[in-house]
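Breakdown of the fold
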Amino acid sequence: MNNNVCPVCRGKLSVGVQAWHFTCHSCNYEKGDLEPVINEVSPHKLVNETVRETGLRDIRVGNFNKLLGVISALKPGGGKLVDVGCAHGWFVEAAMHKFESLGVEPDEVVFKATHARGLPVRKGYFPDTLKDGEMFDVIVFNDVIEHIPDIVKVLSECHSRLNSGGLLVLNLPSSDGIFYKIARAFCRIGKYSYFERLWQKGLPSPHVHYFNPKNLSDLLAKNRFTAVKSGTLPTLGLPGLYARISCAGNLGKLSTIVIYCAVACAIPVLRLLPSDIVYVVAEKD
Ligand SMILES: [Zn+2]
């Protein structure tokens, strides 16, 4: 991977808080030189997938419904939608009521489980798994674009697969988020584990990019998209919180309960601070 040039402003990237982490001092874009590892068995063992799925479902589905409300308001007539890296198919499931929907998922195990639920999903990568000339009105990336090394290429592919007036929807972590800022602050005192966890270092699919809303909309503008709507989505909610904490590490029962209570009490305050999840809806120029 080229770790020298910023994909947003073409500025020079410098080494950040660790040897694999790079930042652009011009636009604050951040890059991780962490190669994605898919369909290999060993990293999967690091995460208890079932517990993780339970913990994430409630907050994700809530956020997906909010995002769908935004997309539907911009595309009231519906149309064809593809969710890239659809995972368990939760977004596709919600979108099916309003759009002719398709999910694309490269992970064999996850694809099989989603397909078995009867959802419209195709195995493979975007756009390789699409048919010749297959076009869409909406292309969605939920927690996916930050995992793709050649983001400029994929934006170009989205542009050519969208109908006129088509929408690109990105839902991704933000470097302006309070949890990200805290994790970076911990690095200054030599505590790297939380920062590494946010980048998903050592997990099956680590993050490659961290954007903030400003440099993200600049990147889109340079790749022939105009941001028409953006906003934030909550990172934490009470439903599923216990399961998320209990799969975060080798915590004892008591520690899990104590952390759960502390985080649960902090949620109303955290909601007032910059969110770690942002979305942008951009129209094809
Ligand atoms: Zn830059």
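Look up a bit, the structure's there.
Report follows, based on the coordinates. The shown structure was predicted, so the numbers you read here are calculated from the model rather than taken from an experiment.

To continue, consider the sheet that holds strand β9 (residues 209-210). Read from one edge to the other, the open sheet built from four strands follows the order β1-β2-β3-β9, with strand pairing classed as antiparallel. Both outer strands of the open sheet, β1 (13-15) and β9, are each paired with one neighbouring strand and no more. In this structure, strand β2 (residues 21-24) lies alongside strand β3 (residues 30-32), joined through three bridges in antiparallel fashion. Each bridged residue has a counterpart across the sheet, and for histidine 21 the counterpart in β3 is glycine 32. Sitting on the sheet, helix α6 (residues 178-187) touches β2, β3 and β9, and the angle it makes with β2 is about 115°.

A few words now on the coordination of the zinc ion. Each protein donor to the zinc ion is listed here as Cys6 (SG), Cys9 (SG), Cys24 (SG) and Cys27 (SG); together their distances run 2.2 to 2.3 Å. In this structure, the zinc ion is surrounded by four donor atoms whose angles at the metal cover 97 to 120°, and the resulting shape is tetrahedral. For the zinc ion, the donor residues sit on a single chain with the sequence spacing C-x2-C-x14-C-x2-C. You can see cysteine 6 sitting in the segment before β1 and its partner cysteine 27 sitting in the loop between β2 and β3, a full 21 residues away along the chain. Judged by relative accessible area, cysteine 6 falls into the buried class, the value being 0%. Judged by relative accessible area, cysteine 27 falls into the buried class, the value being 14%.

Next up on the list: helix α10 (residues 253-270). Within an α-helix, residues lying three or four positions from one another point in the same direction, as the helix has 3.6 residues per turn. Over its 18 residues, α10 runs 24 Å from end to end, which matches the ideal 26 Å to within 8%, given 1.5 Å per residue. Alanine 264 marks where α10 bends most, by close to 25°; the proline proline 268 follows one to four residues later.

Scanning the model with the defined rule gives ten salt bridges in all. Each of Lys80, Arg122 and Glu134 takes part in salt bridges that share partners, so that together they form one network.

This part is about the sheet that holds strand β6 (residues 121-123). With mixed pairing, the seven strands of this open sheet are ordered in space as β6-β5-β4-β7-β8-β11-β10. Each of the sheet's edge strands pairs with one partner strand only, and the pair in question is β6 and β10 (225-233). With direction set aside, neighbouring strand axes in the sheet form an average angle of 20°. Packing against the sheet, helix α5 (residues 151-161) makes contact with β7 (136-142), β8 (162-173), β10 and β11 (277-284), and its axis sits at approximately 145° to β8.

This part takes up the pairing of strand β5 (residues 100-105). With five of six residues buried, β5 is to be regarded as a mostly interior element. The pairing of strand β4 (residues 80-84) with β5 spans five bridges and is parallel. Within β5, the position partnered with lysine 80 by the bridge is glutamate 100. Crossover β4 to β5 through helix α3 (residues 90-95) is right-handed. Pairing of β5 with β6, which is carried by three bridges, proceeds in the parallel orientation. Bridge assignment links valine 104 to a residue of β6, and that residue is arginine 122.

Moving on, we come to the pairing of β2. Side chains His21 and Thr23 of β2 all project onto a buried face; the interleaved residues Phe22 and Cys24 project onto the opposite face, where all are buried too. Where β1 lies against β2, three bridges are found, and the strand directions are antiparallel. Within β2, the residue paired with leucine 13 across the bridge is cysteine 24. Joining the antiparallel neighbours β2 and β3 is a turn of five residues, in which asparagine 28 adopts a positive phi near 70°.

In a soluble, globular protein the nonpolar side chains are often hidden away together inside. With 34 residues, the main nonpolar core has Ile139, Phe141, Leu168, Leu170 and Leu220 as its most contacted residues. Those elements that place two or more of their residues in this core are β2, β4, β5, β7, α5, β8, α8 (213-222) and β11. In this structure phenylalanine 141 touches Val84, Phe126, Ile148, Val154, Cys158, Leu168, Val169, Leu170 and Asn171, once residues within four positions along its chain are discounted. Counting 19 residues, the second largest nonpolar core, distinct from the first, contains Leu68, Leu81, Leu167 and Leu233.

Attention now goes to the environment of valine 281. Take valine 281: it is sitting in strand β11. Using a relative accessible area of 0% as the deciding quantity, one classes valine 281 as buried. Taking the C-alpha atoms as reference points, valine 281 and leucine 168, 113 residues apart in sequence, are found 5.8 Å from one another. Contacts of valine 281, omitting those with residues within four sequence positions, involve Val70, Leu74, Leu167, Leu168, Val169, Thr226, Ala227, Val228 and Lys229.

Reading the values: rules and limits
- Residues numbered from 1 in each chain as written.
- Predicted model: local features only at pLDDT ≥ 70, side-chain atom pairs only at ≥ 80, totals over all residues.
- Heavy atoms only, no water.
- Pairing = 2+ DSSP bridges.
- Helix = DSSP H or I, 4+ residues; strand = E, 2+ residues; numbered from the N terminus.
- Contact = heavy atoms within 4.5 Å.
- Axes fitted to C-alpha atoms, helices over the stretch in contact; angles between N-to-C directions.
- Donors = N, O, S within 2.8 Å, 3.2 Å for Na, K, Ca; no water.
- Tetrahedral: all angles 85-135°; square planar, octahedral: opposite > 155°, others 65-115°.
- Buried < 20%, exposed > 50% of the residue type's maximum accessible area, 1.4 Å probe, protein only.
- Expected span 1.5 Å × (residues − 1).
- Bend = angle between axes of the 7 residues up to and from the residue.
- Salt bridge = Lys/Arg side-chain N within 4 Å of Asp/Glu carboxyl O.
- Right-handed = clockwise from strand over helix to strand, strands pointing away.
- Core = buried A, V, L, I, M, F, W, Y, C linked by side-chain atoms within 4.5 Å.

Don't take any of this as a statement about function, it's just geometry.
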